[in-house]
Amino acid sequence: MLKKEDYSNEKSWKKAGIAFFIYLGIAFLFYFIAEEQITYRTYQNESPMQSTNIGEIVDGDRIEQTIFYSGDYLSSLTFQTATYARKNTGTITITVSTEPFDTEMDSDIFVQQTFDIEKLEDNSNLVVKAGKKLESPVLYLCITSNGATYGNAITFYAAQKSEEYPSLIRNGQAEGISLCVGVEGGLATFFGEQYWKIVFITGVILAGLVLILFGKGEKDRLGNRIVFHIKQYGFLVNQLVKRDFKTKYKRSTLGFLWSFLNPLLTMIVQYIVFSTIFRSDIDNFPVYLLSAGIVFNFFTESVGGGLCAIVGNASLITKVYVPKYIYPFSKVLSTAINLVISMLPLLFAVGITGEEITKAFFLIPFLFLCLILFCVGMSFLLSTSMVFFRDTQFLWGIISLVWMYATPIFYPESIIPEHFSFILKGNPMYHYLKFFRTILMQGVSPQMSEYVYCIGFALLFLLIGAKVFQKAQNKFVLYL
């Protein structure tokens, strides 16, 4: 028969085992979604600066170009084209090989793609998608045409030849120029090469932490205290969240539908202003704008609500004992409901603008979790400051406005001068927006550095906010 202590110990080991296998499941899912981005870091050859074109490409033409590329992985090649401002007919076939072509074109084909030139717009790009690992630092390109005649064909832009881009060969003759081709891919990373070793070691450490946090069932262990608080005050948090959410739309005819309409209508107004009056040239500007609006509005609303959470509940705090952190925490959670509802108009915009919904969308919950933790930490800080210094609410109004303009919400980040780039790197909201937009507009996982930024800022502000709140909370009643 097991003793009580042995039984408690057995339960702790069971929790550690469950945590380990859940973690492994998440690691497998993450690898499936983000294999390319965690295995390689971005590496590219910028397209040479265009200075001329290669002339019309018609039936019978054969354009060959060699490119020296030092990456370990090839994502895509981007060719700059021109249509002579007319509609043309026929097709263009681009073939990529890692072995030299012979006259019969029977070498191993790495990737091949055919484009209908009738659909091309003038000065547009042709993007050949690869998504393959490279074994050779040399790429051999071949361009042929089918169905095009003079006066009815497109051309490719070209530049002066260089070491990375030797002279192109047209129908067997070197022409002293090279194609304007941008090559994007990646370099192998240590994290990617050692991913499963790192996952296993981290999983063992996680299981050990679970054993330490829950111990032998002792009540004073941190894990047990957290579980105790969730069980005891979970109902209260639920009621506070419902109250805040319902109060926001009290006596409103449309009610919670404003959570759907507000970001959509705001995006329409901003789209009209910035895409027509100020002429924004950002690709897929509606999604670019709406994604930023949803994330930044959640930030300002949740932190703004959390700021007054302690002062606004003074009557409860001075009469009934409840852990005070529940009030700012519940404010953030109630605003998170709006965040989830706001995803509906965003997904609608993604659909009608032609963006593809990919497996990378499964990473959005990670972003939302980091964003919520970050906002909880900010709410702890500001709600504490508000108790002792009531002008905090007015200062926050100014700070949030400056923060908004320092974040690329409706303008491209490329317009920020290089010597001011530190503003973006040190701005948590920039990294959350970048993470979100990479998923929505590129359909891939962000680079590993963005995961570090997102979780790093979330935990940093949560720990600082919780520490400040904990030290000051016993003095709250003296200032309420």
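About the cut-offs
Residues numbered from 1 in each chain as written. Predicted model: local features only at pLDDT ≥ 70, side-chain atom pairs only at ≥ 80, totals over all residues. Heavy atoms only, no water. Helix = DSSP H or I, 4+ residues; strand = E, 2+ residues; numbered from the N terminus. Buried < 20%, exposed > 50% of the residue type's maximum accessible area, 1.4 Å probe, protein only. Contact = heavy atoms within 4.5 Å. Areas by Shrake-Rupley, 256 points an atom, 1.4 Å probe, with all protein chains shown as cover. pLDDT = per-residue confidence, 0-100. Pairing = 2+ DSSP bridges. Phe/Tyr/Trp six-rings, centres within 6.5 Å; stacked < 30°, edge-to-face > 60°. Lys NZ or Arg CZ within 6 Å of the ring centre and 35° of its normal. Expected span 1.5 Å × (residues − 1). Polar contact = N/O pair within 3.5 Å; in protein donor to acceptor, adjacent residues only side chain to side chain. Axes fitted to C-alpha atoms, helices over the stretch in contact; angles between N-to-C directions. Left-handed = near helix turned anticlockwise from the far one by under 90°. Nonpolar A, V, L, I, M, F, W, Y, C, P; charged D, E, K, R; others polar. Core = buried A, V, L, I, M, F, W, Y, C linked by side-chain atoms within 4.5 Å. Salt bridge = Lys/Arg side-chain N within 4 Å of Asp/Glu carboxyl O.

Draft legend 1. Geometry of the overall build of the protein chain. The helix and strand tally for the protein chain stands at 15 helices and 13 strands. Across the 480 residues in the protein chain, those meeting the buried criterion constitute 45%. Excluding contacts between residues fewer than 6 apart, the proportion of contacts in the protein chain whose partners are at least 24 apart in sequence is 79%. Accessible surface, the protein chain as shown: approximately 25800 Å² in total, 62% of it carbon and sulfur.

Draft legend 2. Region of the structure containing unusual backbone geometry. At alanine 85, a residue that is not glycine, the phi angle is positive and equals roughly 55 degrees. Secondary-structure assignment places alanine 85 in the loop between strand S4 (73–82) and strand S5 (91–97). At asparagine 171, a residue that is not glycine, the phi angle is positive and equals roughly 50 degrees.

Draft legend 3. Expanded view of the confidence of the model for the protein chain. For the protein chain, per-residue confidence averages 84 on the pLDDT scale, and 86% of positions sit at 70 or higher. Contacts for the low-pLDDT stretch residues 1–7, under 50 throughout, to residues beyond four places or in other chains number 2 contacts.

Draft legend 4. The sheet that holds strand S8 (residues 138–146), seen in detail. The antiparallel open sheet is built from 6 strands, whose spatial order is S6-S5-S8-S3-S10-S11. Where the open sheet ends on each side, the last strands, each with one partner, are strand S6 (111–116) and strand S11 (173–174).

Draft legend 5. Looking closely at the packing of aromatic side chains. Evaluation of the coordinates by the stated rule reveals 30 aromatic pairs. Following the ring pairs from residue to residue traces out a cluster consisting of Phe296, Phe299, Phe374, Trp396, Trp403, Tyr432 and Phe461. A cation sits over an aromatic face here: lysine 132 above phenylalanine 110, 5.3 Å from the ring centre.

Draft legend 6. Spatial organisation of the environment of glutamate 163. In this structure, glutamate 163 sits in the loop between strand S9 (155–160) and strand S10 (169–170). With relative accessibility at 76%, the residue glutamate 163 sits in the exposed group. Counting along the chain gives 95 residues from glutamate 163 to phenylalanine 68, while the straight-line C-alpha distance between them is 7.8 Å.

Draft legend 7. The arrangement of helix H13 (residues 428–442) in detail. Here H13 is 15 residues long and its end C-alpha atoms lie 21 Å apart, about the 21 Å a rise of 1.5 Å per residue gives. With 12 of 15 residues buried, H13 is to be regarded as a mostly interior element. Of the positions making up H13, those classed as buried are Pro428, Met429, Tyr430, His431, Tyr432, Leu433, Phe435, Phe436, Arg437, Thr438, Ile439 and Leu440. Contacts made by the buried residues of H13 are with helix H6 (285–307), helix H9 (326–352), helix H10 (364–388), helix H11 (392–405), helix H12 (421–425) and helix H14 (448–472). At the N-terminal end of H13, a side-chain oxygen is found 3.0 Å from the backbone nitrogen of methionine 429, two or three residues along, and the residue is asparagine 427. Phi for glycine 443, located one or two positions after H13, is positive at around 70 degrees.

Draft legend 8. Fine view of the packing of H6 against H10. H10 packs onto H6 with a crossing angle of 35 degrees between their chain directions and a minimal axis gap of 7 Å. Crossing handedness for the pair H6 and H10: right-handed. Along the contact surface, H6 presents Val295, Phe298, Phe299, Ser302, Val303, Gly306 and Leu307, while H10 presents Leu371, Ile372, Phe374, Cys375, Met378, Ser379, Leu382, Ser383 and Met386. The residue inventory of the contact of H6 with H10, partitioned by class, reads 12 nonpolar, 4 polar and no charged.

Draft legend 9. Layout of the side chain of threonine 155. Among the structural elements, threonine 155 can be located in strand S9. In this structure the side chain of threonine 155 is engaged in a polar contact, spanning 2.8 Å, whose partner is the backbone oxygen of glycine 55. When residues no more than four places from it in sequence are discounted, the contact partners of threonine 155 are Asn53, Ile54, Gly55, Glu56, Thr81, Ala82 and Tyr84.

Draft legend 10. The arrangement of the nonpolar core in detail. Counting residues in each nonpolar core, the largest one holds 85 residues, and the members touching the most others are Phe299, Phe374, Met429, Tyr432 and Phe436. Per-element accounting of this core gives the leading share, 14 residues, to H10. Residues in contact with phenylalanine 436, not counting those within four places in the same chain, are Ser291, Val295, Met343, Leu346, Ile364, Leu367 and Phe368. Membership of the second largest hydrophobic core comes to 35 residues, among which are Ile57, Phe110, Ile154 and Phe156.

Draft legend 11. Structural view of the pattern of salt bridges. Going through the model one piece at a time under the given rule, you end up with 4 salt bridges. Between glutamate 56 and arginine 86 there is a salt bridge, with the nearest N and O atoms lying 2.7 Å from each other. Residue glutamate 56 is found in the loop between strand S2 (52–53) and strand S3 (62–68), and its partner arginine 86 is found in the loop between S4 and S5; the two are separated by 30 residues along the sequence. In this structure, arginine 170 engages aspartate 61 in a salt bridge whose closest nitrogen and oxygen atoms are separated by 2.8 Å. Of this pair, arginine 170 sits in strand S10 while aspartate 61 sits in the loop between S2 and S3, and the two are 109 residues apart along the sequence. Each member of the pair, arginine 170 as well as aspartate 61, is classed as buried.

Draft legend 12. Up close: the pairing of S8. Burial runs high along S8: 7 of the 9 residues are buried. As judged from the 7 bridges shared by S3 and S8, these two strands associate in the antiparallel manner. Residue pairing across strands places phenylalanine 68 opposite valine 138, the latter belonging to S8. Here S5 runs beside S8; their pairing, made up of 7 bridges, is antiparallel. Its bridge partner being in S8, isoleucine 92 is matched across the sheet by serine 145.

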